[in-house]
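Chain and residue survey
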Protein chains: 4
Amino acid sequence: MIIVMQVTATEEQIQSVATRLKALGFRTHISHGDVMTIIGAVGDKHLIETESIESMEGVKQILPIQEPFKMAGREAHPKDTVIRFSNGVTIGGDSGLVVMAGPCSIEEDPQHLFNIADVVKESGAQFLRGGAFKPRTSPYDFQGLEEAGLKQLADARERTGLLVVTEVMDSQEVPLCADYCDVLQIGTRNMQNFKLLKAVGRQDKPVMLKRGMSASVREFLLAAEHILYQGNENVILCERGIRSFDGTFTRNVLDLAIVPVLRKLSHLPVVVDPSHATGHRYLVPPMANAAVFSGAHGLMLEVHYDPDKALSDGAQSLNLKQFGLVMEDLKKISAFHRGLTRHECLLH
Amino acid sequence: MIIVMQVTATEEQIQSVATRLKALGFRTHISHGDVMTIIGAVGDKHLIETESIESMEGVKQILPIQEPFKMAGREAHPKDTVIRFSNGVTIGGDSGLVVMAGPCSIEEDPQHLFNIADVVKESGAQFLRGGAFKPRTSPYDFQGLEEAGLKQLADARERTGLLVVTEVMDSQEVPLCADYCDVLQIGTRNMQNFKLLKAVGRQDKPVMLKRGMSASVREFLLAAEHILYQGNENVILCERGIRSFDGTFTRNVLDLAIVPVLRKLSHLPVVVDPSHATGHRYLVPPMANAAVFSGAHGLMLEVHYDPDKALSDGAQSLNLKQFGLVMEDLKKISAFHRGLTRHECLLH
Amino acid sequence: MIIVMQVTATEEQIQSVATRLKALGFRTHISHGDVMTIIGAVGDKHLIETESIESMEGVKQILPIQEPFKMAGREAHPKDTVIRFSNGVTIGGDSGLVVMAGPCSIEEDPQHLFNIADVVKESGAQFLRGGAFKPRTSPYDFQGLEEAGLKQLADARERTGLLVVTEVMDSQEVPLCADYCDVLQIGTRNMQNFKLLKAVGRQDKPVMLKRGMSASVREFLLAAEHILYQGNENVILCERGIRSFDGTFTRNVLDLAIVPVLRKLSHLPVVVDPSHATGHRYLVPPMANAAVFSGAHGLMLEVHYDPDKALSDGAQSLNLKQFGLVMEDLKKISAFHRGLTRHECLLH
Amino acid sequence: MIIVMQVTATEEQIQSVATRLKALGFRTHISHGDVMTIIGAVGDKHLIETESIESMEGVKQILPIQEPFKMAGREAHPKDTVIRFSNGVTIGGDSGLVVMAGPCSIEEDPQHLFNIADVVKESGAQFLRGGAFKPRTSPYDFQGLEEAGLKQLADARERTGLLVVTEVMDSQEVPLCADYCDVLQIGTRNMQNFKLLKAVGRQDKPVMLKRGMSASVREFLLAAEHILYQGNENVILCERGIRSFDGTFTRNVLDLAIVPVLRKLSHLPVVVDPSHATGHRYLVPPMANAAVFSGAHGLMLEVHYDPDKALSDGAQSLNLKQFGLVMEDLKKISAFHRGLTRHECLLH
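As the structure is a prediction and not an experimental result, all values here were calculated from the model. (Residues numbered from 1 in each chain as written. Chains lettered and ligands numbered in written order. Predicted model: local features only at pLDDT ≥ 70, side-chain atom pairs only at ≥ 80, totals over all residues. Heavy atoms only, no water.)

Residues and elements named next belong to chain A. Running from N to C, helix 10 (residues 284-294) and helix 11 (residues 320-339) cross one another at 20°; their axes reach a closest spacing of 10 Å. Considered as vectors, helix 10 and helix 11 are oriented roughly parallel to each other. When the axes of helix 10 and helix 11 are compared, the crossing they make is right-handed. Residues Pro285, Ala288, Asn289, Val292 and Phe293 of helix 10 touch helix 11, and the partners they reach there are Val326, Leu330, Ile333, Ser334, Phe336 and His337. (Axes fitted to C-alpha atoms, helices over the stretch in contact; angles between N-to-C directions. Helix = DSSP H or I, 4+ residues; strand = E, 2+ residues; numbered from the N terminus. Parallel < 35°, antiparallel > 145°, perpendicular 65-115°, else oblique. Left-handed = near helix turned anticlockwise from the far one by under 90°. Contact = heavy atoms within 4.5 Å.)

This is how it looks when you write it as structure tokens:
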């Protein structure tokens, strides 16, 4: 980082900042300019927050120059992470488009999930998603089937060969969910539930981390860093819409440009969830298609056998017929997209 | 609109609200429910703001049920507006993708603009854009060449046959800009400059209205309504990114889902500007391509013969070679997109 | 809620919606207006989400008319909640201003916390705050002393008689934190960590719930509802700044108007944290003073014996001398504020 | 500014950036650190945007170190601006609290405005506000009385001795409004209408500039800079609430912390408008009182003789009796606030 001293800073103040930085393990380089003095500091920033330096006397401003995400960033890890599952499915890098689909909540009758799973499988998707533990804004809404839901997911996997994804909401539930599922999802409201991030970081199943509702790119990648730091290298980033000033016609704002931004900054695979992002069925197909062209490695789509009867998120779920049509288009679009030449001169 | 009365509202309060509504020209319908009374009111809402009713005694809430944009909305005007230019170019409806490209600011040496215009023309784009009057956050930045810039645009049109677009910033400049240009652009900072909206509404040239930085969908369409209301039916809506909580890696957030939202609510053509939305060159191609799949009728792209020397917005401008490659891809992508079947059941 | 049917809705569609509502336990009332039909529905909304109705054929819009927070809301609980602690301190209703103060993080040397606690006590504040479990955006920042920190808090309570507040970050840590502390704090990043909300709702210690960074008023009160619903009636709401488009000169935007909004909608006590809201020491005194006039029941202030050496949030912490001066002013301001007449006609 | 070169930057790239900076009139200072090279550049930044440097090869990042507002900033103008009116009223610096009050829109019957003006005068306020030109989101809402409204304002000034404030919406109306009024107001939607800013900057009447709905502190002060740059030194800054993710219970979010931020960065007087910021009458008194403690030099309040009949903004207008009570409290609060000691050590 660079410490810019005030024009009026005394030599004593300059030395005092430099001394403090050295004590914190930084190498420093003082540059006396015509107008002001600048201190460069290089180091690990393990135990320091820039704020405490910022409030020292004579300091005008601290300018960070390195991104704080070391393991999630491309600098130390230039090659794309590709996650391989036991059945041969891969996500990330130059693997083809992966689709995760299923109902928002798993419901009591297992046949419902099986019907959906069969269509998901036939359509060519790779993952079945379904919520067993449901984060609900209101305590009066359906809270999920818990372990009974996980069992349905495992049965559907048995039946179809699909990989299964489910949301885990609390550090205590991590082992249970990891037993039943292939990918653990961290929901948007838990993106900075650091105990949960640590818990999923200490087990082996890949983790799909959804972006927090108002998480900056840095915060998003630092949340991934918490998981990577615990030893789990298989993190998938998922853009699912951000909070904005206007929720009248869309539930959130789908920030598609974050896909190429993340792919530039990080080596991790990136998935887009147009269902939660938009909240309206008619917006899902165009946004799913657009996501392919933004460079997404995967899509997460909500599908329900009868959206009008869904216990949650019915308005944004595709029905089985619609989902089939969307998948047909996605296959063509993905193939077309892969056929385009990548122009080196457009990537920077 | 619907007026929901409080549970404790007296009959006198109910009648008083109904009387006020009738005096304002509404037809009313009182519905006494088990729990509360509801008053339906149908009318033009010309001289009334719901707020003044909302503060009457006994009133709990006012619920609007009709969108306030009448002329911009699809209800009264179900067919897509298609704008036709003298040279046969059309925008809107099922016309093909239209591209508007050029430098952010017009610079002193006309040869610079001509070089860009020649490449824009060869690439197959239809419009040359260029700023003669520049809205600048700081008074110390370059403010534009004014009429000399407009003349360059007209010369470039003469030379290439391209249509030309420029931003008009003040009601007094409308006639001048309309003399020289084919489309008048209203910039994001002027989306609610109502005097300017009126002025462009009272002349004949088509108007491209950029969405305000934090304009809701309703405010955007009501700004278009101001123009339509003055008699100018040729309004193009332009999404150019909205303000968000994170401006670190993108200048704004490109809200691509607004494209299908606008196309559902309104009959007006919709253009996307990925250059201003993202602020970074490497993000322009994927977002331009994604915009085609969101359903945009057109794209606005910044191109410069030497972006490092641009007087404004260099970092987001493509150079001439990059622009050529982007256009080649766009032609393929647009043709492919038009070849996909539109599934009726996915449109609602 | 009110279901507004489309102008074109058929009688069959209307009946189908009414039938579905009845099946879900609602009483309904159909009102055929001149222009459109409206269905009123009264009930508990336990198992239903409005979205699934919204996507039924013929439905134009669903208009909710009752706030979803039943236990947190004033309608069912008109009297202010006043929380009483064993040492006689009260918060809420017409109790005087309560101050919670202390360092962001508890550090290794207990003497540091004791020095701060002594000054906090002498100044007339009622609560000592201090973080033992720290939510940190980066895994490389100091993560807290955990139980050793809680022990320090308990020792400081012993020494000074102050009540102690600490943040709990995970459902598994709730019993431990509840053993040592008088108030459990839920941090902004965990406002919708529903498992944690349930866990603190099932124990007896009062809970201070911080508003999520981009939580709406409804989401904030529904998060409180989750706690209340589990049986814990002692919830304190804390405004601590919201995320905005500009973080250059303040860390967040302090939304002081939420104080009178919450006091109107809810019976729960409201506390303001100007330290986290602003992120800069010089902004803490004016915002603390302003918060008193917004109607806050309490303030949470960061104090450190040497802010330049703080392990976290140094830039926003007052030093001991500054804190003493702020408390002197707050006592005068609070007394003056209580002396003003409350004008009934200004409260609605 | 500081240009941070990439770790991999060549000496040629470094020299090329330095050369470009010198050509643009900057003095440069190159500092070769252990890890990377940094170029300091000091100068006026008149014709340059940092973006064009940022996209040069080898450049990692540009770090601005000086605020771009020179005339609005305190560095070059440390003493508070105090604006003096012909009748002896002053605003800014250590002058007492100033109140501007009146209806949102001026209505046809002049007696209405006179009734309000009489009460405003008696209450001890200094300014009468009233809208003659109304910026309206919808073309179907009341657009204002225009010159007839200005005449009413002038008559009310004659009658009461109050100074009058009105909004000017277009550069062409500036001379007319300046003829009739004592302060010209620039509305939130026109904060970046640069032609209008120039026009009010070229005449003599003080200008009250309202903050744009999503304007950053820098953009706000740069808008003021546009006015100052034209020669008009009398600019008043007005915080009126910013756009946020939640408009359910308040119209906007009142950002009171901007008051001490602006007073630190700038010498210009700062006014707060709690009526537009909150949109609800019951929130106006607590927020007006809180604004005094944030350090505001003045308040702008909406008052109407019968808010239920107001042509605009009725829900946020105080009636005459309420306004009288609010003013009584404000006088006490302002006197009390001025009586508090200013502690030097709390100001930084």
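After that view, the rundown keeps rolling.
With that out of the way, let us pick up the interface of chain C and chain B. How big an interface is tends to be expressed through the accessible area that disappears when the partners come together. With 21 residues of chain C in contact, the opposing surface of chain B contributes 21 residues. Taken over both partners, the interface formed by chain C and chain B buries close to 1,700 Å², and the fraction arising from carbon and sulfur atoms is 65%. On the surface where chain C and chain B come into contact, there are two salt bridges. The shortest N-O distance in the salt bridge between glutamate 75 of chain B and lysine 60 of chain C comes to 3.9 Å. In this assembly, chain C and chain B are joined by two residue pairs in polar contact (both at pLDDT 80 or more). Secondary-structure elements contributing two or more residues to the side of chain C that touches chain B are strand 1 (2-5), strand 2 (27-32), strand 3 (37-42) and strand 4 (59-63) of chain C. Looking at the side of chain C that touches chain B, the element that brings in the most residues is strand 2 of chain C, giving four residues. Class assignment for the residues of the side of chain C that touches chain B results in ten nonpolar, six polar and five charged. (Buried area = accessible area lost by both parts, 1.4 Å probe. Salt bridge = Lys/Arg side-chain N within 4 Å of Asp/Glu carboxyl O. Polar contact = N/O pair within 3.5 Å; in protein donor to acceptor, adjacent residues only side chain to side chain. Nonpolar A, V, L, I, M, F, W, Y, C, P; charged D, E, K, R; others polar.)

For a regular strand, the rule is simple: side chains alternate between the two faces of the sheet. Residues and elements named next belong to chain C. Of the two faces of strand 10 (residues 183-186), the one lined by Val183 and Gln185 and the one lined by Leu184 and Ile186 are each fully buried. As defined by bridge partners, strand 9 (residues 163-167) adjoins strand 10 across three bridges and the pair is classed as parallel. The residue bridging valine 165 from the neighbouring strand is valine 183, located in strand 10. Across three bridges, strand 10 lies against strand 11 (residues 207-210) in parallel orientation. Counted as the bridge partner of isoleucine 186 is leucine 209 from strand 11. Considered for its hand, the β-α-β crossover made up of strand 10, helix 6 (residues 194-201) and strand 11 is right-handed. (Buried < 20%, exposed > 50% of the residue type's maximum accessible area, 1.4 Å probe, protein only. Pairing = 2+ DSSP bridges. Right-handed = clockwise from strand over helix to strand, strands pointing away.)

Moving on: the nonpolar core. The nonpolar side chains of a soluble globular protein tend to be buried with one another. By size, the foremost hydrophobic cluster in this structure holds 348 residues, and its most contacted members are Leu209 of chain A, Leu209 of chain B, Leu209 of chain C together with Leu209 of chain D. In this view, leucine 209 of chain B contacts Ile186, Met191, Leu197, Phe220, Ala223, Ala224, Ile227, Val235, Ile236, Leu237 and Cys238 of chain B; residues no more than four positions away in its chain are not counted. (Core = buried A, V, L, I, M, F, W, Y, C linked by side-chain atoms within 4.5 Å.)

Okay, the domain arrangement of chain A next. According to the domain assignment, chain A consists of domain 1 (2-63) and domain 2 (83-347). Put simply, the middle of domain 1 of chain A and the middle of domain 2 of chain A, counted by C-alpha atoms, are 44 Å apart. (Domains from an automatic or database assignment.)

This brings us to the relation of the copies chain B and chain D. Of the transformation placing chain B onto chain D, the axial shift is 0.0 Å and the rotation is 180°, giving an RMSD of 0.0 Å. One copy is carried onto the other by what is essentially a two-fold rotation axis. Most of the interface of chain B is mirrored in chain D, where 100% of its interface residues are also at the interface. (Least-squares fit on C-alpha atoms with pLDDT ≥ 70 in both.)

All names here are of chain C. Summarising burial for helix 10 (residues 284-294): eleven of the eleven residues are buried, a large majority. Of the positions making up helix 10, those classed as buried are Val284, Pro285, Pro286, Met287, Ala288, Asn289, Ala290, Ala291, Val292, Phe293 and Ser294. Two residues or fewer after helix 10 comes glycine 295, characterised by a positive phi angle close to 105°.

So, about the packing of helix 10 of chain A against helix 10 (residues 284-294) of chain B. Two numbers describe how helix 10 of chain A lies on helix 10 of chain B: the axes approach to 8 Å, and their chain directions differ by 160°. Here helix 10 of chain A is positioned roughly antiparallel relative to helix 10 of chain B, judged by the angle of their axes. Crossing hand, helix 10 of chain A versus helix 10 of chain B: right-handed. Residues Pro286, Met287, Asn289, Ala290, Phe293 and Ser294 of chain A of helix 10 of chain A form the contact with helix 10 of chain B, whose participating residues are Pro286, Met287, Asn289, Ala290, Phe293 and Ser294 of chain B. Split by residue class, the contact of helix 10 of chain A with helix 10 of chain B holds eight nonpolar, four polar and no charged.

This paragraph deals with the interface of chain B and chain D. Counting residues at the interface gives 57 residues for chain B and 57 residues for chain D. Between chain B and chain D, the buried area comes to about 4,800 Å², and carbon and sulfur atoms account for 47% of it. Looking only at chain B, the three residues that lose the most surface to chain D are Tyr140, Lys195 and Asp308 of chain B, adding up to 16% of its buried area. Remark: the boundary between chain B and chain D carries six salt bridges. Note that glutamate 173 of chain D is salt-bridged to lysine 195 of chain B, the shortest N-O span being 2.6 Å. Linking chain B with chain D are 21 residue pairs in polar contact (both at pLDDT 80 or more).

With that settled, the discussion passes to the packing of aromatic side chains. The tally for this structure, following the rule as stated, stands at 16 aromatic pairs over all chains. Aromatic pair tyrosine 140 of chain B and tyrosine 229 of chain D: ring centres 5.2 Å apart, planes at 80°, arrangement edge-to-face. In this pair, tyrosine 140 of chain B is assigned in the loop between strand 8 (127-129) and helix 4 (147-160) and tyrosine 229 of chain D in helix 7 (residues 217-229), connecting two distinct chains. Residue classification places tyrosine 229 of chain D among the partly exposed positions, given a relative accessible area of 40%. One aromatic cluster is present, formed by Phe293 and Phe336 of chain A together with Phe293 and Phe336 of chain B through successive ring pairs. In this structure, lysine 70 of chain D is placed above the aromatic ring of tyrosine 140 of chain B, and the distance from its NZ or CZ to the ring centre is 5.5 Å. (Phe/Tyr/Trp six-rings, centres within 6.5 Å; stacked < 30°, edge-to-face > 60°. Lys NZ or Arg CZ within 6 Å of the ring centre and 35° of its normal.)

Within the structure shown, the criterion is met by 56 salt bridges over all chains. Beyond isolated ion pairs, a larger network of salt bridges with shared partners links Arg74, Asp80 and Arg263 of chain A.

Let us now look at unusual backbone geometry. Backbone geometry follows two general trends: most residues other than glycine have a negative phi, and most peptide bonds adopt the trans configuration. All names here are of chain A. Phi angles above zero are rare outside glycine, and glutamate 146 is one such case at about 55°. Relative to the helices and strands, glutamate 146 is located in the loop between strand 8 (127-129) and helix 4 (147-160). Judged by relative accessible area, glutamate 146 falls into the partly exposed class, the value being 36%.

Before going further, it helps to spend a moment on the pairing of strand 9 (residues 163-167) of chain D. Residues and elements named next belong to chain D. Burial analysis of strand 9 places five of its five residues in the buried class, which makes it a mostly covered element. Burial of the side chains of strand 9 extends over both faces: Leu163, Val165 and Glu167 are buried on one face and Val164 and Thr166 on the other. Bridging between strand 8 (residues 127-129) and strand 9 involves three bridges; their strand directions are parallel. Opposite phenylalanine 127, over in strand 9, you have leucine 163 as the bridge partner. Each parallel crossover has a hand, and for strand 8 linked through helix 4 (residues 147-160) to strand 9 it is right-handed. Crossover handedness for the path strand 9 to helix 5 (residues 174-180) to strand 10 (residues 183-186): right-handed.

Before going further, it helps to examine the sheet that holds strand 4 (residues 59-63) of chain B. All names here are of chain B. The strand order across the open sheet formed by four strands is 2-3-1-4, and the pairing between neighbours is antiparallel. Edge positions in the open sheet fall to strand 2 (27-32) and strand 4, since each of these has one partner strand only. Ignoring strand direction, the axes of neighbouring strands in this sheet form an average angle of 20°. The strands touched by helix 1 (residues 11-23) are strand 1 (2-5), strand 2, strand 3 (37-42) and strand 4; relative to strand 2, the strand with the most contacts, the crossing angle is about 160°.

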